[in-house]
Amino acid sequence: MNQTKVILTALLLLGSTPAWAAPASSLDRLIARAHDLRGPQFLQLGEELEALGPEAKADLRRKVNDLRFTADGWRRDLDVVMLDVLVHRPTEVGRLDGLSGLEPRVYLSNRRPEPSVGTELKAMKLDPAVLFLAHYQTAELYRFAERGQYPAALSDEVQANLRKSELRALRHGLLIALGASGHPAAARTLAEVALDRRQDEATRGLAAAHLGQTREVAVALPALQKVLEEPKASTRIVTSALAGLGHLRTEESRQLLVAYTRARHTQEVRQSAIAGLGTLGSAWVAAAQPTTDGVALRARTADVLVDLLLSPEGAAVEVHLLEALTRTGEPQSLARLVAARDGATDEGVRARAQRASARLELALARQR
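### Quick look at the overall build of the protein
- Scanning the protein for helices and strands turns up 21 helices and 0 strands.
- Its C-alpha atoms give the protein a radius of gyration of 27 Å, more than 25% over the compact-globule value 21 Å for 368 residues.
- Taken along the three principal axes of its C-alpha coordinates, the protein extends 105 × 65 × 45 Å.
- Here the protein holds 368 residues, and 48% of them are scored as buried.
- Per element, the accessible surface of the protein, about 19,000 Å² overall, is 53% carbon and sulfur.
- A distance of 2 Å separates the average location of the 48 positive side-chain charges in the protein from that of its 44 negative side-chain charges.

### Let's talk about the packing of aromatic side chains
- Across all of its chains, the model carries 1 aromatic pair by this definition.
- Positioned over the ring face of tyrosine 136 is arginine 75, at 3.9 Å from the centre of the ring.

### Observations regarding the side chain of glutamate 318
- Take glutamate 318: it is sitting in helix 19 (residues 318–328).
- For glutamate 318, a relative accessible area of 13% gives the class buried.
- Glutamate 318 has contacts with Leu309, Arg352 and Arg355, leaving out every residue within four places of it along the chain.

### As for the nonpolar core
- Ranked by internal contacts, the top residues of the largest apolar core, which has 49 residues, are Leu211, Leu242, Leu245 and Leu305.
- The element contributing the most residues to this core is helix 13 (residues 217–229), with 7 residues.
- Split by domain, this core shows at least three residues from each of two domains, domain 1 (2–264) and domain 2 (265–368).
- Apart from residues no more than four positions distant in its own chain, leucine 242 is found in contact with Leu228, Leu257, Tyr260, Val269, Ser272, Ala273 and Gly276.

### Observations regarding the layout of surface pockets
- Of the pockets and cavities examined, the largest pocket occupies roughly 510 Å³.
- Considering the residues around the largest pocket, the lining is formed by 24 residues, among which His135, Ala139, Glu140, Arg171 and Gln199 are closest to the centre.
- Secondary structure elements with two or more residues in the lining of the largest pocket: helix 9 (128–138), helix 10 (156–179) and helix 11 (186–194).
- Broken down by element, the residue count for the lining of the largest pocket peaks at 6 residues, all from helix 10.
- Of the volumes computed, that of the second largest pocket is approximately 380 Å³.
- Together, 16 residues line the second largest pocket, and Glu114, Pro115, Ser116, Ala169 and His172 are the ones closest to its centre.
- Broken down by secondary-structure element, the contributors of at least two residues to the lining of the second largest pocket are helix 8 (118–124), helix 10 and helix 12 (201–213).

### Notes on the environment of arginine 298
- Inspection of the secondary structure puts arginine 298 in helix 18 (residues 294–310).
- For the pair formed by arginine 298 and threonine 250, sequence separation is 48 residues and the distance between their alpha carbons is 10.0 Å.
- Ignoring any residue separated from it by four or fewer positions in sequence, one finds arginine 298 in contact with Gly281, Ala283, Ala286, Thr328, Gly329, Glu330 and Pro331.

### Regarding the domain arrangement of the protein
- Taken as a whole, the protein is organised into domain 1 (2–264) and domain 2 (265–368).
- Inter-centroid distance (C-alpha atoms) of domain 1 to domain 2 is 38 Å.
- Counting residues at the interface gives 21 residues for domain 1 and 23 residues for domain 2.
- When the two sides are added together, the surface that domain 1 and domain 2 hide from each other amounts to roughly 2,000 Å², 62% of it contributed by carbon and sulfur.
- On the domain 1 side of the interface with domain 2, the three residues burying the most area are Arg249, Arg254 and Thr261, jointly 36% of the side's total.

### Notes on the side chain of threonine 261
- Here threonine 261 shows up in the loop between helix 15 (251–259) and helix 16 (267–280).
- When sequence neighbours within four positions are dropped, the list of residues in contact with threonine 261 reads Arg270, Ala273, Ile274, Leu277, Leu308 and Glu313.

### A few points about unusual backbone geometry
- Even without being a glycine, phenylalanine 69 presents a positive backbone phi close to 55°.
- Positionally, phenylalanine 69 belongs in the loop between helix 4 (54–65) and helix 5 (74–88).
- On the accessibility criterion, phenylalanine 69 (11% relative accessible area) is buried.
- Notably, lysine 125 is not glycine yet its phi reads approximately 55°, a positive angle.
- For lysine 125, the position within the fold is in the loop between helix 8 and helix 9.

### Concerning the packing of helix 11 against helix 13
- Between helix 11 and helix 13, the shortest axis-to-axis distance is 10 Å and the interhelical angle comes to 5°. The orientation of helix 11 relative to helix 13 falls into the category roughly parallel. Where helix 11 abuts helix 13, its residues Ala187, Arg188, Ala191 and Ala194 lie against Val219, Ala223 and Val227.
- Within the contact of helix 11 with helix 13, the residues separate by chemical class into 6 nonpolar, no polar and 1 charged.

### Points about empty space enclosed by the protein
- Per the counting criterion, the structure on display carries 1 cavity of 30 Å³ or more.
- Within this model, the largest cavity holds a volume of roughly 30 Å³.
- If you trace the largest cavity, you find it lined by Lys122, Ile176, Gly179, Ala180, His210 and Gln213.
- Where the lining of the largest cavity is concerned, the elements lending two or more residues are helix 10 and helix 12.
- In the lining of the largest cavity, the residues fall into 2 nonpolar, 3 polar and 1 charged.

The rules behind each value
- Residues numbered from 1 in each chain as written.
- Predicted model: local features only at pLDDT ≥ 70, side-chain atom pairs only at ≥ 80, totals over all residues.
- Heavy atoms only, no water.
- Helix = DSSP H or I, 4+ residues; strand = E, 2+ residues; numbered from the N terminus.
- Rg over C-alpha atoms; globule rule 2.2 N^0.38 Å.
- Buried < 20%, exposed > 50% of the residue type's maximum accessible area, 1.4 Å probe, protein only.
- Areas by Shrake-Rupley, 256 points an atom, 1.4 Å probe, with all protein chains shown as cover.
- Lys, Arg positive; Asp, Glu negative; His and termini not counted.
- Charge placed at Lys NZ, Arg CZ, Asp CG, Glu CD.
- Phe/Tyr/Trp six-rings, centres within 6.5 Å; stacked < 30°, edge-to-face > 60°.
- Lys NZ or Arg CZ within 6 Å of the ring centre and 35° of its normal.
- Contact = heavy atoms within 4.5 Å.
- Core = buried A, V, L, I, M, F, W, Y, C linked by side-chain atoms within 4.5 Å.
- Domains from an automatic or database assignment.
- 1 Å grid on protein atoms, 1.4 Å probe; cavity = no way out; pocket = protein on both sides within 12 Å on 5 of 7 lines; lining within 4 Å.
- Points joined across faces, edges and corners; volume = space filled by probe spheres on them.
- Buried area = accessible area lost by both parts, 1.4 Å probe.
- Axes fitted to C-alpha atoms, helices over the stretch in contact; angles between N-to-C directions.
- Parallel < 35°, antiparallel > 145°, perpendicular 65-115°, else oblique.
- Nonpolar A, V, L, I, M, F, W, Y, C, P; charged D, E, K, R; others polar.

The structure is reproduced here in structure tokens:
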């Protein structure tokens, strides 16, 4: 076959190829562009991907199934996940519209008239891909209430401030829902927000607190340590990080929390660290989510709470120590407290031991 016939044959083969059978490189180039696009531009990629045809869509689905969300590639993996939900599950994306917690007629009639959607989003059990899409791309495109849906008496300035509160509530709600989603990239997203000093304190603090609830220790622990090590970290951010540590239930997180119970820290920080220890050593959590070292970790946590209660530093945070000890519900703690109640020579120590033993005894009786 001469060269002319070869070229003609190739052209005929190309002409017989379906229009939708785009080469894989077209999909790869589209995915590569995704990382630098935001909002409407990112959504436009969904339409471009649709135009590539069913083969490209099937290839995208296969890529999603192969994702691993590793430390160096998780963010680009999320671009693939978000594109996939756009083209394969648009109905799921649409479920995010019309959140009642963002409707003025709903939240302005509440006892606390502020928008809030964290609980609502968690209850909806949305595909985590929808949550990622909204967090990274579409939160500001959400269809908030129209002008006529606010009370007529409110000024334009007040309504503008309410709109800002609604957007913030949506962003916070998405972080809360991601923290509870169980998705392998959720912890990395929350860590990213918690460590981002461009974010406001409330947003960073919320991300830090819910980062611990992912229980992804390999991601959460170093991120929360970095938050605590920031030279100018505010009390709000520090206390949120301590709350997050309480959910990790590791010896490392226990030791960090213990360090923040000392008197050199402010009262608010000490209280948060003690509350974190109460969460870490919770009898209810230990029963619901048993771990290999759970029993020993709970016992060590209870011991340090008793030590602190019986020390001179314990008087200033007694109420919080009692609450944490009650949560741990450790029988050995009761034995130590009874011994201190009956044998301590210091009147203050004896009185604290008396109050703590009475409360813990009642708590243990209720558990039986």
